[in-house]
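The chain contents come next:
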Amino acid sequence: MFIDFETFRTRADKVHALMQAACRATGRDPAGVKLLPVTKTHPPAAAEYVARYGLPAVGENRVQEAVEKRAAVSGALRWELIGHLQSNKAKLAAAHFDRVQSVDSEKLVGLLAKAAADQGKVLPILLQINAGNDPAKFGAEPADAPRLLAAALARPSLRVDGLMTIAPLGATPDETRAHARRTFANLRRIRDELAATHGVALPELSMGMTGDFAEAIAEGSTLIRVGTALFGPRE
Ligand SMILES: *Cc1c(COP(=O)(O)O)cnc(C)c1O
């Protein structure tokens, strides 16, 4: 049985309280950090709860799952792709997502740009960077980020909002927290450099999940992607 709305509301209130505490602790304005609930593996009701709670968007990591779920959900939610995108799904992703956070190659930039142009729209994207140098994680290498950004900025059918990363896990909770701090500080540094060298703002830093969002907020996250703390463990 999936959780009921009251359970979701209580958890979402708690996550917001923790976000505010993390902001206070580091002197940040809470208005500068948004919560993106991650509804992957959960039923359409999860996305309906998010809309009813008053949040504007959800994150999904599989194209096909999101397309089916979105068709079953009423309301004005925005849908963001946060999972790895295969080339053969780029057209479908451009058609069904309001933003793609997982753009990690020039090939994907080209495919999404062409699909968005063919569909007569401008697709917002984030560039996913492997800022923790994690061999197990997707994301462009930091050294390739300038070329990737230049390729995306050259496409009028794409709008680059900022960067996204996933921190590598450590062997212990302490090590995981340390990896997280280092990864998130690195992403912010990469963003600052790219913004300066390319003359663009790149305001969005999508970083932080259930286990590390306090660290992410301390390092400048503007968007945390949270699944487990809101919907419980995934099967
Ligand atoms: C699943 C997922 C999340 C949410 O993870 P939780 O630990 O459940 O909060 C965030 N970001 C990405 C890219 C994910 O795939």
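The following paragraphs examine the structure supplied in this document. (Residues numbered from 1 in each chain as written. Predicted model: local features only at pLDDT ≥ 70, side-chain atom pairs only at ≥ 80, totals over all residues. Heavy atoms only, no water.)

**Remarks on the site of the ligand**
Stage number 1. Residues in close proximity to the ligand include Val 38, Lys 40, Ile 82, Ile 166, Met 209, Thr 210, Arg 225, Val 226, Gly 227, Thr 228 and Arg 234, which together make up its full environment.
Stage number 2. Within the side chain of Thr 210, a nitrogen or oxygen atom sits 2.5 Å from an oxygen atom of the ligand.
Stage number 3. A distance of 2.9 Å is found between a nitrogen atom of the ligand and a side-chain nitrogen or oxygen belonging to Arg 225.
Stage number 4. In isolation the ligand offers 390 Å² of accessible surface; the protein chains occlude 90% of this area.
Stage number 5. A majority-of-atoms criterion places the ligand in the largest pocket.
Stage number 6. Partitioned by chemical class, the residues of the shell around the ligand number five nonpolar, three polar and three charged. (Near = heavy atom within 4 Å. Polar contact = N/O pair within 3.5 Å; in protein donor to acceptor, adjacent residues only side chain to side chain. Areas by Shrake-Rupley, 256 points an atom, 1.4 Å probe, with all protein chains shown as cover. 1 Å grid on protein atoms, 1.4 Å probe; cavity = no way out; pocket = protein on both sides within 12 Å on 5 of 7 lines; lining within 4 Å. Sits in = over half its atoms within 2 Å of the grid points. Nonpolar A, V, L, I, M, F, W, Y, C, P; charged D, E, K, R; others polar.)

**Examining the packing of helix α1 (residues 5-25) against helix α2 (residues 44-53)**
Stage number 1. With their axes 10 Å apart at the nearest point, α1 and α2 run at an angle of 60° to one another. The angle between α1 and α2 places the two elements in the oblique class. Regarding α1 and α2, the two cross each other, and that crossing is right-handed. Together, Phe 5, Phe 8, Arg 9, Ala 12, Asp 13 and His 16 of α1 and Tyr 49, Val 50, Arg 52 and Tyr 53 of α2 make up the contact between the two elements.
Stage number 2. A per-class count over the contact of α1 with α2 returns six nonpolar, one polar and three charged. (Axes fitted to C-alpha atoms, helices over the stretch in contact; angles between N-to-C directions. Helix = DSSP H or I, 4+ residues; strand = E, 2+ residues; numbered from the N terminus. Parallel < 35°, antiparallel > 145°, perpendicular 65-115°, else oblique. Left-handed = near helix turned anticlockwise from the far one by under 90°. Contact = heavy atoms within 4.5 Å.)

**Here we look at the packing of aromatic side chains**
Stage number 1. In this structure the tally under the stated criterion is seven aromatic pairs.
Stage number 2. Taking the centre distance of 6.3 Å and the plane angle of 35° together, the rings of Phe 5 and Phe 8 count as tilted. Of this pair, Phe 5 and Phe 8 are both found in helix α1, three residues apart, which corresponds to roughly one turn of the helix.
Stage number 3. Under the relative-accessibility criterion, Phe 8 is labelled buried at 0%.
Stage number 4. Plain terms: the ring middles of Phe 8 and Phe 231 are 5.3 Å apart, the flat faces sit at 15° to each other, and that makes the pair stacked. With a gap of 223 residues between them, Phe 8 in helix α1 and Phe 231 in helix α9 (residues 228-231) connect regions that are remote in the sequence. (Phe/Tyr/Trp six-rings, centres within 6.5 Å; stacked < 30°, edge-to-face > 60°. Buried < 20%, exposed > 50% of the residue type's maximum accessible area, 1.4 Å probe, protein only.)

**Quick word on α2**
Stage number 1. For α2, the complete set of buried residues consists of Ala 46, Ala 47, Tyr 49 and Val 50. All buried residues of α2 fall inside an arc of 155° around its axis, so they share one side.
Stage number 2. Where α2 is buried, its residues meet α1, β1 (34-37), β2 (57-60), β3 (78-81) and α9.
Stage number 3. Following α2 by one or two positions, Gly 54 has its phi on the positive side, about 105°. (Arc of directions from axis to C-beta.)

**Quick notes on the pattern of salt bridges**
Stage number 1. Inspection of every chain in the model, using the stated rule, returns 15 salt bridges.
Stage number 2. Salt-bridge contacts for Asp 161 lead to Arg 159; the nearest nitrogen and oxygen are separated by 2.7 Å.
Stage number 3. In this structure, Arg 188 and Glu 219 form a salt bridge, with 3.4 Å as the shortest nitrogen-oxygen distance. Of the two residues, Arg 188 sits in helix α7 (residues 173-198) while Glu 219 sits in the loop between α8 (213-218) and β8 (223-226), which places them 31 residues apart along the sequence.
Stage number 4. A relative accessible area of 31% places Arg 188 in the partly exposed class.
Stage number 5. It is possible to trace a salt-bridge network through shared partners that takes in Arg 78, Glu 80, Arg 99, Arg 159, Asp 161 and Glu 204. (Salt bridge = Lys/Arg side-chain N within 4 Å of Asp/Glu carboxyl O.)

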